[in-house]
Amino acid sequence: MKTGFVLLATLALVSLALPTVPTLSKSDGAKEIQKYTIGVEGAQGVKLRMLLVTKPSATGAPTRESKTITVPFETTFEAASFYVWFDTLEGGKEGDRFMSIYKIDGDLQGGGFGGTIKGDNKQTFGFGNL
């Protein structure tokens, strides 16, 4: 009888001490793939250098795309998360204004930034959820 009790107590302690297998859920930091739209509106002809970094999945390695864009500009892509930087370049006139847009699955999230061309004064702007 005493041996059975010791065996039962040992099994109970071992079962409590075993780690549980974690399950991945949205609340655990897993990110679902979403459709993103980013764009820049404003004075036509303003040139910006864009660096777009996307994470294609929650565990995938980030990818990057760098290119020169001209306002107006818009691109759509699917990813788990992203971050985008824009640097002002030559193009447009002093005082030309521009602003960005940011949508997730078609829903406007607000503007990412706004700016004004200021001669030789180069500016950098960025936004995202990476």
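In this text, all values refer to a predicted model and were calculated from it rather than measured experimentally.

Q: Where do I start with the overall build of the chain in this structure?
A: Along its length, the chain carries one helix and nine strands. At a minimum sequence separation of 6, the contacts of the chain that also span at least 24 residues come to 69%. When the accessible surface of the chain is split by element, carbon and sulfur atoms take 58% of a total near 8,400 Å².

Q: Help me understand the confidence of the model for the chain in this model?
A: Detailed reading of the predicted coordinates is not advisable wherever pLDDT is low. Averaged over every residue, the pLDDT of the chain is 79; the share at 70 or more is 74%. Across residues 16-29, where pLDDT falls below 50, the model places four contacts with residues more than four positions away in sequence or in other chains.

Q: Explain the sheet that holds strand β9 (residues 124-128) here, please?
A: Either a parallel or an antiparallel arrangement is found when strands of a sheet pair, and the pairing is made through backbone hydrogen bonds. Sheet architecture is open: four strands sit in the order β3-β2-β5-β9, paired in antiparallel fashion. Edge positions in the open sheet fall to β3 (63-70) and β9, since each of these has one partner strand only. Here the strands of the sheet are splayed against their neighbours by 15° on average, with no regard to which way each runs. Bridge analysis of strand β2 (residues 47-55) against β3 gives eight bridges, and the strand direction is antiparallel. In the sheet register, leucine 52 faces β3, and the bridge partner there is glutamate 65.

Cut-offs used in this document
- Throughout, residues of each chain are indexed from 1 in the direction in which the sequence is written.
- Local features in this predicted model are restricted to residues of pLDDT 70 or higher, and side-chain atom pairs are both shown and tallied only at a pLDDT of 80 or more, whereas totals for entire chains, interfaces and linings draw on every residue.
- To obtain the side-chain values, all non-hydrogen atoms of the structure were used and water was disregarded.
- A run of H or I in DSSP counts as a helix once it spans at least four residues, and a run of E counts as a strand once it spans at least two, with each numbered from the N terminus.
- Whether two residues are in contact is decided by their heavy atoms, any of which lying within 4.5 Å being enough.
- Shrake-Rupley sampling with a 1.4 Å probe provides the accessible areas, and residues are treated as covered by the protein chains on show and by no other component.
- The quantity called pLDDT is the predictor's confidence in a given residue, expressed from 0 to 100.
- Strands pair, by our definition, only if DSSP identifies at least two bridges between them.
- With axes taken as lines fitted to C-alpha atoms, and helix axes fitted only over the stretch in contact, angles between N-to-C directions fall between 0 and 180 degrees.

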